[in-house]
Amino acid sequence: EKDGYDWFMRKEIFEQPRAVADALLGRRDAEGKLQLDEMRIDASELQGIDKIIIIAAGTSYYAGMVAKYAIEHWTRISVEVELASEFRYRDPILTRSTLVVAISQSGETADTLQAIRHARAQQSKVLAICNTNGSTIPRESDGVIYTYAGPEIGVASTKGYVTQLVACYLLALYLAQTKNTLYGDEINGVMDQLEAMPAHVQTVLDEADKVYQFARDHVDTKSVLFLGRHAGYPVALEGALKLKELAYIHAEGFAAGELKHGPIALIEEGLPVFCIVPPKGRDQLREKMVSAIQEIRARGAATIVLAEHDDEAITPYADEFIRLPKVPVLLQPLVAVVPLQLFACELATAMGHDVDQPRNLAKSVTVE
Ligand code: F6R
């Protein structure tokens, strides 16, 4: 069943080009308009939406953080992202014009389920983004976007996560189409870029051996940090979560702009720090990231830099350089997360841990 891989997780990482392609399949009609078969929430209703609250847990929450950047940019609707376990307890402001989006791979996470029940009781519409057909969360939602990753068996989410990202982009573009905040040509342009992503993900996977090598080089490390900005920030959080789950070591993700507000005090000689650099087209973001990398390197960090393949200006500051394909900043999480998954999988393997069944974890958390 593992197709020759040692772990389901590793197999699922390598299935991601196919999973991303499947998540995109059949989403445009003959005229090139986006269609979401199980949206089930009327266009007239969506046109009236003035706020979106995304609720999720763990990795799905980090997908939701990326979704905020995309939805706000393409639709100008304001988006909050909230941990499902916190949502109900803060008396959230929900109205008929609030759309609640619940992201859950399993469709059974108890906190997320309770959160959507609360939202529906307040008359808000609920849309599920889910990988599991017929599970409880989509059954109790007004509409659903299925992610079509196929069954995810490894406890740590990988193909589940990238297909959630795809579903979030589709939702953002669909709302932009419904609310007329983007032209049809612009939507089709982003769809074309999305359809190029499976090949880009494959390019990153083709470099897996290099990532494996420095995972093995770092087998004695006690801590790893991850830095990102913009859509790269949630990817940093996701990279850290993968490492905590699988390698049982301290790992933390930060927004690079926060470094000087505290975390830079953690930097010491030899500390591995992953740095996710925004694409070259986004110079303001990129230059700030580069100066953050210079600062931590000056303090002895071992920098593992993820940047565009031809971003040669970065090489003097990169102890390791992971080359990423050229993609727009909003879509960069789809490629940037892959080396972080590979790193966590390989480091945990080298440490002798059970990658598919990490200690203390369950695939779906059905208690609050
Ligand atoms: C991380 C992981 C968990 C889940 C979280 C939510 O690798 O698997 O953090 O993402 O428990 O689960 P779902 O998406 O099923 O609601």
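Residues numbered from 1 in each chain as written. Predicted model: local features only at pLDDT ≥ 70, side-chain atom pairs only at ≥ 80, totals over all residues. Heavy atoms only, no water.

Asks: Explain helix 8 (residues 159-179) to me, and be specific about the residues and the numbers.
Replies: When the terminal C-alpha atoms of helix 8 are compared, their 30 Å separation across 21 residues agrees well with the 30 Å that a helix rising 1.5 Å per residue should span. In the segment just after helix 8, N180 is the residue with positive phi, at about 60°. (Helix = DSSP H or I, 4+ residues; strand = E, 2+ residues; numbered from the N terminus. Expected span 1.5 Å × (residues − 1).)

Asks: Tell me about the side chain of E245, and name the residues and values.
Replies: By secondary structure assignment, the location of E245 is in helix 12 (residues 232-247). Residue E245 is classed as buried on the basis of its relative accessible area, which comes to 15%. Contacts of E245, omitting those with residues within four sequence positions, involve A156, P358 and L361. (Buried < 20%, exposed > 50% of the residue type's maximum accessible area, 1.4 Å probe, protein only. Contact = heavy atoms within 4.5 Å.)

Asks: Tell me about the environment of Q332, and please be specific about residues and values.
Replies: With respect to the helices and strands, Q332 occurs in helix 14 (residues 332-350). Along the sequence, Q332 and E308 sit 24 residues apart, while their C-alpha atoms lie 9.9 Å from each other. What Q332 contacts, discounting residues up to four positions off in sequence, is I276, V277, P278, P279, L324 and V327. For Q332, the side chain forms a polar contact with the main-chain oxygen of V277, separated by 2.9 Å. (Polar contact = N/O pair within 3.5 Å; in protein donor to acceptor, adjacent residues only side chain to side chain.)

Asks: Tell me about the packing of helix 8 against helix 9 (residues 184-195), and please be specific about residues and values.
Replies: Between helix 8 and helix 9, the shortest axis-to-axis distance is 10 Å and the interhelical angle comes to 170°. In terms of axis orientation, helix 8 runs roughly antiparallel to helix 9. In this structure, the crossing between helix 8 and helix 9 has a hand that is left-handed. Here helix 8 contributes Y169, L170, L173, A176 and Q177 to the contact with helix 9, which in turn contributes I187, V190, M191 and L194. (Axes fitted to C-alpha atoms, helices over the stretch in contact; angles between N-to-C directions. Parallel < 35°, antiparallel > 145°, perpendicular 65-115°, else oblique. Left-handed = near helix turned anticlockwise from the far one by under 90°.)

Asks: I'd like a rundown of the site of the ligand, residues and numbers included.
Replies: Near the ligand there are 13 residues, and of these S60, S104, Q105, S106 and T109 occur at the shortest range. Take S60: an N or O atom from its side chain is 2.5 Å from an oxygen atom of the ligand. Notes on the ligand: free accessible area 410 Å², of which the protein chains cover 90%. Counting residues per element, the ones that place at least two in the shell around the ligand are helix 4 (58-75) and helix 12. (Near = heavy atom within 4 Å. Areas by Shrake-Rupley, 256 points an atom, 1.4 Å probe, with all protein chains shown as cover.)

Asks: Quick one: what's the story with the sheet that holds strand 6 (residues 223-228), residue by residue and with numbers?
Replies: Reading across the sheet, the 5 strands line up as 7-6-8-9-10 and stay open at both edges, with parallel pairing between neighbours. Only two strands of the sheet have a single partner each, and these edge strands are strand 7 (250-255) and strand 10 (320-324). Sheet twist, expressed as the average angle between the axes of neighbouring strands with direction ignored, equals 15°. Looking at chain direction, strand 6 and strand 8 (residues 272-276) are connected through 3 bridges and run parallel. Looking across to strand 8, one finds that L227 is bridged to C275. Relative to the sheet, helix 13 (residues 283-298) contacts strand 6, strand 8 and strand 9 (302-308), its axis offset from that of strand 8 by approximately 170°. (Pairing = 2+ DSSP bridges.)

Asks: Give a detailed account of the pairing of strand 5 (residues 143-146), specifying residues and quantitative values.
Replies: Residues G143 and I145 of strand 5 are buried on one face, and the alternating residues V144 and Y146, pointing to the opposite face, are buried as well. Of the pairings in the sheet, the one linking strand 4 (residues 125-130) to strand 5 comprises 4 bridges and is parallel in character. When the sheet's bridge partners are listed, I129 is paired in strand 5 with I145.

Asks: Run through the sheet that holds strand 2 (residues 78-83), naming residues and quoting values.
Replies: Spatially, 2-1-3-4-5 is the arrangement adopted by the 5 strands of the open sheet, whose pairing is parallel. This sheet does not close on itself; its edge strands, each paired only once, are strand 2 and strand 5. The sheet shows a mean angle of 20° between the axes of neighbouring strands, direction not considered. Bridging between strand 1 (residues 51-56) and strand 2 involves 6 bridges; their strand directions are parallel. Bridging from a neighbouring strand, I55 pairs with E82 of strand 2. Relative to strand 2, helix 4 is tilted by about 175°, and along the sheet it contacts strand 1, strand 2 and strand 3 (98-104).

Asks: Give a detailed account of the nonpolar core, specifying residues and quantitative values.
Replies: Ranked by internal contacts, the top residues of the largest apolar core, which has 96 residues, are I52, W74, L194, L243 and F274. Take this core: its biggest share by element is 14 residues, from helix 8. Contact partners of L194, with chain neighbours within four places excluded, come to L24, Y169, L173, L331 and L334. Residues L225, L227, I267 and L271 belong to the second largest nonpolar core, which totals 22 residues. (Core = buried A, V, L, I, M, F, W, Y, C linked by side-chain atoms within 4.5 Å.)

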